[in-house]
Amino acid sequence: MTKKKPVVYPYIPNSEPGVKQRMLAQIGVPGVEALYASIPEALRLNRRLDLPEALLSECALRKHVEELLSRNATCKERLNFRGAGCYQHYVPAVCDEINGRSEFLTAYAGEPYEDHGRFQTLFEYASMLGELLDMDVVNVPNYDGFQAAGTSIRMASRITGRYEALVSASINPDKLAMIRGYCEPDISLRVLGFDPGEGQLELAELQAALSDKTAAVYFENPSYLGVIQSQAENLAELARRHGAVCIVAVDPTSLGVLTPPVHYGADIVCGDIQSLGMHMQFGGGQAGFIATRDEEKYVMQYPSRLFGIAPTSVLGEYGFGDVAYERTSFAIREEGREWVGTAAALWGITAAVYLALMGPQGMAELGEGIMQRSHYAAMRLGAIRGVRAPAFTSAFFKEFVVNFDGTGKTVSQINAALLGMGIFGGKDITQEFPDLGNSALYCVTEVHSKAELDRLVTAVEEAVQ
Amino acid sequence: MTQGISRHRFSDGELNLRRFHQARWDEPVIFELTEPGQRGVLPPEPEAGIREAAGDVLATLPQGMHRKRPPALPELSQVHVLRHYLRLSQENLGADINIDVGQGTCTMKYSPKVNDQLTRLPGMAELHPLQDVETVQGILEVMYRFEQMLKEISGLDRFTFQPGAGSQAIYTCALIIRAYHASRGEASQRDEVITTIFSHPSDAACAKTAGYKVLTLYPDANGYPDLDALKAAVSDRTAALLITNPEDTGIFNPRISQFVETVHDAGGLCFYDQANANGILGITRARDAGFDMCHFNLHKTFSAPHGCGGPGGAAAGCTEALARFLPVPTVERNGDYYYLDYHRPDSIGKVRSFYGVAPAVLKAYAWVMSLGGDGLREVAEVAVLNNNYLLRRMQEIPGLRAPYAEGQHRIEQVRYSWAELCEETDVHSEDIGLRAADFGVHYWTSHHPYVVKEPMTLEPTESYSKTDLDEYAAILRHVAQEARSDPDVVRTAPHNSTVHRVDPGPLDDPKQWAVTWRAYLRKLRERGPDPA
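Residues numbered from 1 in each chain as written. Chains lettered and ligands numbered in written order. Predicted model: local features only at pLDDT ≥ 70, side-chain atom pairs only at ≥ 80, totals over all residues.

### Things to note about the overall build of chain A
Consideration 1: Helices and strands together make up the secondary structure of chain A, namely 14 helices and 14 strands.
Consideration 2: Its C-alpha atoms put chain A at 80 × 55 × 50 Å along the principal axes.
Consideration 3: Taking all 465 residues of chain A together, the buried fraction comes to 63%.
Consideration 4: Within chain A, contacts between residues at least 6 apart in sequence are counted, and of these 71% link residues at least 24 apart. (Helix = DSSP H or I, 4+ residues; strand = E, 2+ residues; numbered from the N terminus. Buried ≥ 20, exposed ≤ 12 C-beta atoms within 10 Å, placed from the backbone. Contact = placed C-beta atoms within 7 Å.)

As structure tokens, then:
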């Protein structure tokens, strides 16, 4: 039997036997084994890991992964109307160009000197999102909109010293579950119902629930079910009158046309930036934001990093650094606010590029164009016999509930038929919101052409027959 | 005459240090580049048929909900946006570009380009997470297969990839700990967790966020806590131990099984923070030491890129006994069909939206596939070889020490101390790092608190060559010499970096700090003109 030649791994330069021997000699040990002397024999695996055979060539590896990915059907090939937190928007080429740069893609936690670019870009991200929100403080992105909501509520509790949060029921049940788990140690949640006709959180409902124990009132605008709150200002005012913090979660793509929540009284605004230049990536493009006014009592309660601008020793040179670093778990471990760690900075960088490309006019055109398309789609779907769209009477932005009670078909039957016609129909919400009957949540964005929306309408007509 | 240039690159047979200078574009903040009326990208206009049928959609908005003033975003043409962010990218030192061994504890390794290209394919990038399961069989198979790999690598029984990165995986396990004790009626009694000061700050902070009181153990002369210290800390209030091994010192705690036993005997669970797994892949496993849970970072150990601080990717794993508490959904297989299982009544629910950072799972899977069992062991062995080689080179530098476990080999990293040099020269570890930046490398001190004085943590993963390590060592040797011969040049560094020393004063002053450009401009206005 011939002896197997040792593999020199392209990712492991010192796997080359000659250099390995020279290094071992310089350390003064006969083999690598000697370097593991501190690991007791009883803890040793002492066998080869039982893993699939390596695909040593890049060519073979690429083929293998491409073959696996080819088993997916993408939203490029199919026509997609699912949103519910992850959105198919157009991603400008420059977004991918910048987030693919080695300098950004592979950096980590450098200082504001050799990683000046990261600090400035994330400062610009916060600054541009700050303009969209009309707010002065925006964090370096956290994991996602779920985390942003959970943290916003915990911030409100720390700010007020109170331990109850009121949450509108028009929320993604997964998100509610995450918030519940996140707040459990300190804060009790009360879920407030919505009006079945309008889909709105009602003033009387909130009024009855508010007390001097209320730390936060949390609602979404547009809501998970797509509804734009018509009494947002009154809701915020009620919260304020009871000394509670008003938290509003918002879809940033709506803010070219919708009023920023701070104008109707929000104290903390949060959400997800996936729709600002990130591909969907099976949910891998999510990233969260939290924004507040620039008040010390708010700023000191952020767990996240906040990048601030500062002078350097050279006049006219912009420097950057961490604002109020001592509040973080990096500085003081469990005494910090919640925790901070690796989250989603590259998506913040990408959102900066997106907002810079779009500019004020782009965001306004985007918002209006989405509304025109979603209204067109809802109107045409609503004209199908037995279909109610939009199911709520309230104004909506890019998502709307479609009710199929009058068709005699379930959403799952309809979606199965649509899938057969190459369409991902709206998200089935009959389990999540049984009171809404046989309903689906549809999402329409600027990527949809008239022909595609018409194709959806024809397909739904066929599916409900 | 071109001959003879090359010989001037050497002194005494050794390659000279680089005459490095980082890009310094002196780039304005993007708002200063605005030119009214310019457009970066045009959104697609709806067709006339849509516009006519939809009518004045903005009139449907409730009173007060139509934005009055447009957002004051900058206005730039496309090439100017591109140029600005390309310049800022050049003012950033990614791991692809520098010898990134100075970011200890973070396992900076090569993130293969092929894997990045694969995740940019539509088959990954253009998948909606709520697509019908039969249309995402490929990515579900990747997640399923990668779970099987991690089961083999850790010895544990189930994994979730839902956490967005390592800290969220620690948090996930803290919730599992909470659910486990609640299931036994001991939730309120067991309100303490134990960790060590050389475990990541998130082991303490995430457990605290989940509602626990945190007890922190400190090392003895060996570099890890004494078993008696642990025995004194455990009680019937102990919910869990959260511990790294090797800790951030690179020292492996050989009595780890006894630590686990001690906590188990007291009724607590044991979570293994495997942020430092790179040197022990295929050598020793979480199961072998008796752990109930562990986590891996898919950036770091499994090669997904760090992205300036995320998206990362994480795997949280546990034994079969705890699997019922994992977040929903889990990825399951029935024959050749893969599906998502939400029907898990004891689950802790959700920790993040959807299923985590799926492209990071794909990159990690592809990385393991490129290496196999032998390759993973080679990763570990070369990471340890590199670390001990660099340790040997570092020991040649006067004024630098590697505290604890004197004379022993380390696993994959070392926490060094410049305390002696600082005492002699009043040059601090941070100064040394900023001076090192002048030679084109990144350097980081350590996590707080500085239990090791004037710390520096080097982690030379398998991605670096002997020549890379020699260069890094030569830079630090040179800077240490400068600290003695010309300390001011070190104290005022960086000189060749993008910017000079930042005045940190405003960053901690509520009257001056500015997290956005608008806040900066407002505070400037409020302060009035600078004194002449």
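### Focus on the sheet that holds strand S3 (residues 164–168) of chain A
Residue and element names in this part refer to chain A.
Consideration 1: Sheet architecture is open: seven strands sit in the order S2-S8-S7-S6-S5-S3-S4, paired in mixed fashion. One side of each edge strand has no neighbouring strand; the edge strands of this open sheet are strand S2 (137–138) and strand S4 (188–192).
Consideration 2: As paired strands, S3 and S4 are joined by five bridges and run parallel to one another. From the neighbouring strand, Val 167 faces S4, where its bridge partner is Val 191. (Pairing = 2+ DSSP bridges.)

### What about the packing of helix H12 (residues 345–382) of chain A against helix H2 (residues 78–90) of chain B?
Consideration 1: Two elements in contact, H12(A) and H2(B), have axes separated by 9 Å at closest approach and are oriented at 155°. Put simply, H12(A) runs roughly antiparallel to H2(B). Note that H12(A) runs across H2(B); the crossing there is right-handed. In contact with Val353(A), Ala356(A) and Leu357(A) of H12(A), H2(B) contributes Gln78(B), Val81(B) and Tyr85(B).
Consideration 2: Taken together, the residues of the contact of H12(A) with H2(B) break down into five nonpolar, one polar and no charged. (Axes fitted to C-alpha atoms, helices over the stretch in contact; angles between N-to-C directions. Parallel < 35°, antiparallel > 145°, perpendicular 65-115°, else oblique. Left-handed = near helix turned anticlockwise from the far one by under 90°. Nonpolar A, V, L, I, M, F, W, Y, C, P; charged D, E, K, R; others polar.)

### A few points about the domain arrangement of chain A
Residue and element names in this part refer to chain A.
Consideration 1: Split by domain assignment, chain A resolves into domain 1 (79–89 + 360–464) and domain 2 (93–354).
Consideration 2: The straight-line distance from the C-alpha centre of domain 1 to that of domain 2 is 28 Å.
Consideration 3: Taken together, the 25 residues of domain 1 in the interface contact 28 residues of domain 2.
Consideration 4: Examining the composition of the side of domain 1 that touches domain 2, we find that seven residues originate from one element, H12, more than from any other.
Consideration 5: Here the residues of the side of domain 1 that touches domain 2 sort into 15 nonpolar, six polar and four charged. (Domains from an automatic or database assignment.)

### What about the sheet that holds strand S3 (residues 158–160) of chain B?
Residues and elements named next belong to chain B.
Consideration 1: The strand order across the open sheet built from seven strands is S3-S9-S8-S7-S6-S4-S5, with neighbouring strands paired in mixed fashion. At either end of the open sheet lies a strand with only one pairing partner, and these are S3 and strand S5 (213–217). For this sheet, the mean inter-axis angle between neighbouring strands, taken without regard to orientation, is 20°.
Consideration 2: Sheet topology places strand S4 (residues 192–196) next to S5; five bridges connect them, and they run parallel. Bridge pairing links Val 193 to Val 214 in S5.

### Regarding the nonpolar core
Consideration 1: In this structure, Leu129(A), Val217(A), Ile247(A), Val353(A), Leu355(A), Phe271(B) and Val361(B) are the most contacted members of the largest nonpolar core, which totals 327 residues.
Consideration 2: Counting residues per element, this core draws most heavily on helix H10 (residues 358–394) of chain B, at 21 residues.
Consideration 3: Here Leu355(A) is in contact with Met128(A), Leu129(A), Leu132(A), Leu276(A) and Leu73(B), once residues within four sequence places are set aside. (Core = buried A, V, L, I, M, F, W, Y, C linked by C-beta atoms within 7 Å.)

### Some points on the confidence of the model for chain B
Segments scoring low in pLDDT should not have their predicted coordinates read at a detailed level.
Consideration 1: Here chain B averages 96 in pLDDT, while 99% of its residues score no lower than 70.
Consideration 2: As a predicted assembly, this complex carries a pTM of 0.98 together with an ipTM value of 0.98. (pLDDT = per-residue confidence, 0-100.)

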